[in-house]
Structures are given as structure tokens and as C-alpha cells.
Amino acid sequence: MDLHLRLAHWLRAHPGTIDACIAVGIFLLLVLPLGLPLSTMNYEGYWQSVILSLVLVLPLAWRRSHVVLSAGVIAGICVLQLVIGLQPVPGQLVILITLYTLAAHGPRWASLGALSLAMTGTAIGLVRFGAAFGIITGESVLSTLPLLLLLLFLVEALVLLAWTLGDLARSRRMTFQALEDRARRLEVERQQERDLAAADERSHIAREMHDIVAHSLSVIITQADGARYASTHAPELAVRTLATIADTGRGSLREMRRLLGVLRGDEGPSTLPLPTLDDVDVLVQSVRRSGVRVSCRRIGTPFKPLPLGAELTAYRVVQESLTNVLKHAGADSTTEITLDYGARGLNLSIDDDGRGAAALPATVGAGQGITGMSERVRLYDGIVTAAPRTGGGYRVEAFIPYTRT
């Protein structure tokens, strides 16, 4: 840090020390030398001037910690000086410093009141003590009036200048405080935005992990149960089942590597295409090999192309629905998938006649899977409904509109 910046920081951090040094400096440099008597006959007036100046200078030591109190003490002494008739002393310079301090740090009413009092008191003091300083002489009033008015103008201008500098310092300080508050608020808002972005990214990662792992593990578990049974009755079927398990595991591993590569920000991300609606048939085949009866039919053709992200969303809806069928529908269930391209968008429906809804009445639709489907589809202004069917089984319906152009 530069020297002047360190000095400025130290000055801001030690206002009491600075004020005390100013009070001592004014007393030593202005009061004592300017009040020195010219002859031994003036010692009484000298010490009177020193004591009065000391009383005026002393309140400067707490001019910023107790602004109104310090200014009140100095104002009271000056008013008492006018009433008693004590002549001005070099310590009267503190009036300008007090005006500056009140305008910069004090309340507005005290600042304006001190300005009015200082201007009035200065004018009265100039008239009252004008003769002592040779301003008002025994000559005619017209001969001394121009000089009196000129001095009055200069003194009042000096008083007004001190107040104006203090008011400018107040405005500058308030502007800096406003900028600091705004910077602090912006930093808080940026931190909140980072937290929200991180939470959204965690939710996105959780959806992807669930879609990839849950479906693959459901297929692998179903196939493993079938292979265990077939190993004793139909060894050749067990071999084909184990091959299906291996293929499913490899596919899941590829998806996981792709996802982790994106999270790490690898320079060479995977170039494997993301699943689309064209891959639904492959997904259906993998579920069929698990022993579940699944059919898929397509109705119509797209009026407009769906974005790749929307197609991935539709694929994930089908994948999650089939995962729930594998986990909850039970044996001998039948599932029908319908992809209907309407005039407004794609209508998806996945119906099964299993017992999944009856088996888990309190939790179906409340887990990560259904929630993830709803969040994905809402990104494309779509809707998802998932509920038990009236005649038994479970139905998942989704609508994804075409891209607006």
C-alpha cells in the first residue's frame, strides 16, 4: 500500500488522537507566541488571554466524538466573552474549526444554528471591539464606515467559507458511504446469485445422476434376479441375461463418464450424442430383456422440430417411467408408451397395469424421479402429471410444446 494511503487510513482510524494534536498545536503555535507581552506591564492581560484561549482550544480534543457538546462549550464562552467585554484572543480561530466540524459531522440544525450565531456574533464583536483595534476612531462615522463594512464582509466571508467546506466534506462522506453500501449490497446479491446457481447446478446434477443410475441399476437388478433363476434351469438364457447386464453397465458407465467430464470441465469433452426420441426404441428393448412387456407406438409426425434439449427431456421422462415400472409394477405387468405429435406439441403417456401405485401409495410421485421429470419439462413450458389409474396401474403423462418461432 502506498504511503499516502496508509497515512489516510491511519488518520481515519485515530480521529481522537488527531483532534487532540490539533488542539495542542493551535495552543502552542498560535496562542502562546501571539499572546506574549511586549512589556512587563502587560503580564496580567497576557495570562488572561492565555487562559481564555486555553478554555476555547480545549474542547477541540473531542470535536468529533462529542460534536454538539464541543461546539456548545465554545459558543457559550464566546457569547460570555461578548457580554463581559473581554477582548478577542488568538484562540478565537477555533470558531472556524468548530463551524467546519459542525457542518461536516454534526446534525443539520446545529450546523445552521452555529452558522447564524457565528455570523451574528462576529458582526457584534467587530462593532464592539472596533475601537480597541483602531477600526472605529473618534472621527465621523462616515469616514470609518467603509473600512468597517469591508472588514465585516471579509470576516463573514471567512466564516461562510469554513461552513461551506464542512458541508462539502459532509456531502463527500455521505456519497462515499452510499457507494460503500451499494458495493456491499451488490456483493451480497452476487453471493446470493452464486448460491442460487450452485443450488440449481446441484439439482441438475442430481437429476442426471438419478436418471442414469436408477434406470441402469433397476435393469441390472432385474436381469440379475432372472439370471440367478435361469442358471439352474436354462443356462443358455442365463448367459444372454448376463450379456444384457454387461451391456447395461457399460452404457451407464459411458453416461457417467460423460457427465463427470462435463463437471470437471475437461478440455476434450465426450462427443457422444445425447439420447433423443429416436433412442426410445433401444430403451424399450433393454427393458423387454428384463422380462417386462413393453410396447411403444408413435402417432403423427412433428409439425415443428423439438429442440435437442426437449427431446432429451422426453427421453428422460420415458426412462424414469420405465424405471418405476421395473421397481414397482411387479411381475406380469404390461406397459404401453405413446408418443403423440399434436398440433401444439408432443404428448407423452406411459401406462402400466402393475401394482406400483398400490404398493407405495404415500411415496409415489414424491421422490426425486417424478420431481426431476417435472423440473425438466417445466424448462420447456411443459407439464407432467403422474397418478394411479382408476382401474389399477399407474399413468405418467407429459406435454412438451414445440419451439416458438
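What you see is a predicted model, and the numbers here were worked out from it, not measured in a lab.

Rules of the game
- Residues numbered from 1 in each chain as written.
- Predicted model: local features only at pLDDT ≥ 70, side-chain atom pairs only at ≥ 80, totals over all residues.
- Heavy atoms only, no water.
- Core = buried A, V, L, I, M, F, W, Y, C linked by side-chain atoms within 4.5 Å.
- Buried < 20%, exposed > 50% of the residue type's maximum accessible area, 1.4 Å probe, protein only.
- Helix = DSSP H or I, 4+ residues; strand = E, 2+ residues; numbered from the N terminus.
- Contact = heavy atoms within 4.5 Å.
- Salt bridge = Lys/Arg side-chain N within 4 Å of Asp/Glu carboxyl O.
- Pairing = 2+ DSSP bridges.
- Axes fitted to C-alpha atoms, helices over the stretch in contact; angles between N-to-C directions.
- pLDDT = per-residue confidence, 0-100.
- Polar contact = N/O pair within 3.5 Å; in protein donor to acceptor, adjacent residues only side chain to side chain.

Below, the discussion takes up the nonpolar core. If you look at the biggest cluster of nonpolar residues, it comprises 33 residues, and the most contacted ones within it are Leu 277, Val 317, Val 318, Ile 337, Leu 346 and Leu 348. For this core, the elements supplying multiple residues, two or more each, are helix H9 (280–288), helix H10 (308–329), strand E2 (334–341), strand E3 (345–352), helix H12 (368–378) and strand E5 (394–401). No other element matches the nine residues that H10 contributes to this core. Setting aside residues up to four positions removed in sequence, Leu 277 forms contacts with Arg 298, Leu 306, Glu 311, Ala 314, Tyr 315, Leu 339, Tyr 341 and Leu 346.

We now examine the pattern of salt bridges. Throughout the structure, instances matching the rule amount to nine salt bridges. Close ionic contact of Glu 336 with Arg 297 constitutes a salt bridge, the shortest N to O distance being 2.8 Å. A residue pair is termed long-range when its members are at least 10 positions apart, and Glu 336 in strand E2 and Arg 297 in strand E1 (residues 293–299) qualify at 39 residues. Assessed through its relative accessible area of 41%, Arg 297 is described here as partly exposed. Linked by salt bridges that have partners in common, Asp 351, Arg 389, Arg 395 and Glu 397 make up one network.

What follows covers the sheet that holds strand E4 (residues 383–388). Overall, mixed pairing links the five strands, which are arranged E1-E2-E3-E5-E4 in an open sheet. Of all the strands in the sheet, the pair left with one neighbour each is E1 and E4. Across the sheet, the mean angle separating the axes of adjacent strands is 10° when strand polarity is ignored. Along the sheet, H10 contacts E1, E2, E3 and E5; its crossing angle with E3, the most-contacted strand, is approximately 5°.

Here Asn 347 is to be found in strand E3. Sequence separation between Asn 347 and Glu 397 is 50 residues; the distance between their C-alpha atoms is 7.3 Å. Once residues within four sequence positions are removed from consideration, Asn 347 is found in contact with Thr 338, Leu 339, Asp 340, Gly 342, Ala 398 and Phe 399.

Residues at a pLDDT of 70 or more form 75% of the protein, whose mean pLDDT is 77. Within the protein, the element-level pLDDT minimum falls on helix H11 (residues 356–359), averaging 50, and the maximum on E5, averaging 92. A low-confidence stretch, residues 37–43 stays under pLDDT 50, and its non-local contacts, those more than four residues away or across chains, total three contacts.

A few words now on the side chain of Thr 122. Relative to the assigned elements, Thr 122 resides in helix H6 (residues 108–128). Looking at Thr 122, the relative accessible area reads 18%, which means it is buried. Within the structure, the side chain of Thr 122 is placed 2.6 Å from the backbone oxygen of Ala 118, a separation counted as a polar contact.

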